[in-house]
Amino acid sequence: MDKLEQLRTECLGCQKCGLCETRNHVVFGVGNPDAEVLFIGEGPGEQEDLKGEPFVGRAGKLLDDMLSIIYLDRSRIYIANMVKCRPPGNRDPLNTEQAACADWLRRQIEIINPKIIVCLGRIAAMAFIKPDFKITKEHGQFFTDEAGRSVMALYHPAALLRDPRRRPETFEDLKRLEAEIRSRCAHTY
Ligand code: URA
């Protein structure tokens, strides 16, 4: 078994926080284990919890549409969440739950070793870019993390469903992401 599958198997039995008692499925992640581009969401909702796969509800449909604008699909990238189990009633994950879960994503990143990380929404951007990240001002900008990876944030697809006026800006951000992929990545396109 490869390293990512080994990690998934370990993660499926996780009992590091109370969310293990209410979950239907651990939502580990989906996509290409050799992906050069990793998308990071916040955490599973109801549909994701039922299916065990990230972004399968309405926001997921929009994410697929966003990917197709830049000629990508789930087989070319990898998608994971900061928190692997659904907080009941879709409440925000507690700090203790986020802290208990962080090591799974850290190990996923280590194995996949992407060149570009795309944060979906403010919460992931605050964790992976900077704690005072302002999504309305800094979406679409590229930052470099301590491992030399390019990191950027897009508006979360759920936010784009709530406020479609943000979609033109997101189109521009996606085009910037496409250019970054073309300049940094060897086999995504
Ligand atoms: N929102 C997220 O952040 N992640 C999912 O998997 C689904 C919705």
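Quick summary incoming for the structure in this document. The residue count restarts for each chain, going from 1 along the sequence in the order it is written. Confidence filtering applies because this is a predicted model: local features only for residues at pLDDT of at least 70, side-chain atom pairs given and counted only at 80 or more, and all residues used for totals across whole chains, interfaces and linings. Excluding hydrogens and water, the side-chain values take into account all heavy atoms of the structure.

For Asn-90, which is not glycine, the phi torsion reads 60° and is therefore positive. Numbered from the N terminus, helices here are DSSP runs of H or I no shorter than four residues, and strands are runs of E no shorter than two. The residue Asn-90 is located in the loop between β3 (78-81) and α4 (95-112) in this model. Even without a glycine there, the phi angle at Asn-113 is positive, about 55°. Mapped onto the fold, Asn-113 is located in the loop between α4 and β4 (116-120).

In these notes, residues near a molecule or strand are those with any non-hydrogen atom within 4 Å of it. Around the ligand lies a shell formed by Gly-41, Glu-42, Gly-43, Glu-48, Pro-54, Phe-55, Asn-81 and His-156. Polar contacts here mean pairs of N or O atoms no more than 3.5 Å apart (in protein, one a potential hydrogen donor and the other a potential acceptor; neighbouring residues in sequence count only if both atoms are side-chain atoms). A distance of 2.8 Å separates an oxygen atom of the ligand from a polar backbone atom of Glu-42. Backbone polar atom of Gly-43 to a nitrogen atom of the ligand: 3.1 Å apart, as the coordinates give it. Every accessible area reported is derived by Shrake-Rupley at a probe size of 1.4 Å, with residue values counting cover from the shown protein chains alone. Relative to its free-state accessible area of 240 Å², the ligand is covered by the protein chains to the extent of 91%.

What counts as an axis is a line fitted to C-alpha atoms, over the stretch in contact for a helix, and the angles between N-to-C directions run from 0 to 180 degrees. At a minimum axis separation of 9 Å, helix α3 (residues 58-69) and helix α8 (residues 167-184) run at an interaxial angle of 50°. In this view, α3 runs oblique relative to α8, as classed from their interaxial angle. Seen from above, α3 lies across α8 with right-handed handedness. For the pair formed by α3 and α8, the contact residues are Leu-62, Met-66 and Ile-69 on the first element and Arg-167, Thr-170, Phe-171, Leu-174 and Lys-175 on the second. Roughly parallel here means an angle under 35 degrees, roughly antiparallel means over 145, roughly perpendicular means 65 to 115, and every remaining angle is called oblique. Handedness of a crossing is defined here by the sense of rotation of the near helix relative to the far one, left-handed for an anticlockwise turn of less than a right angle and right-handed for a clockwise turn. We call two residues contacting when some pair of their heavy atoms lies within 4.5 Å.

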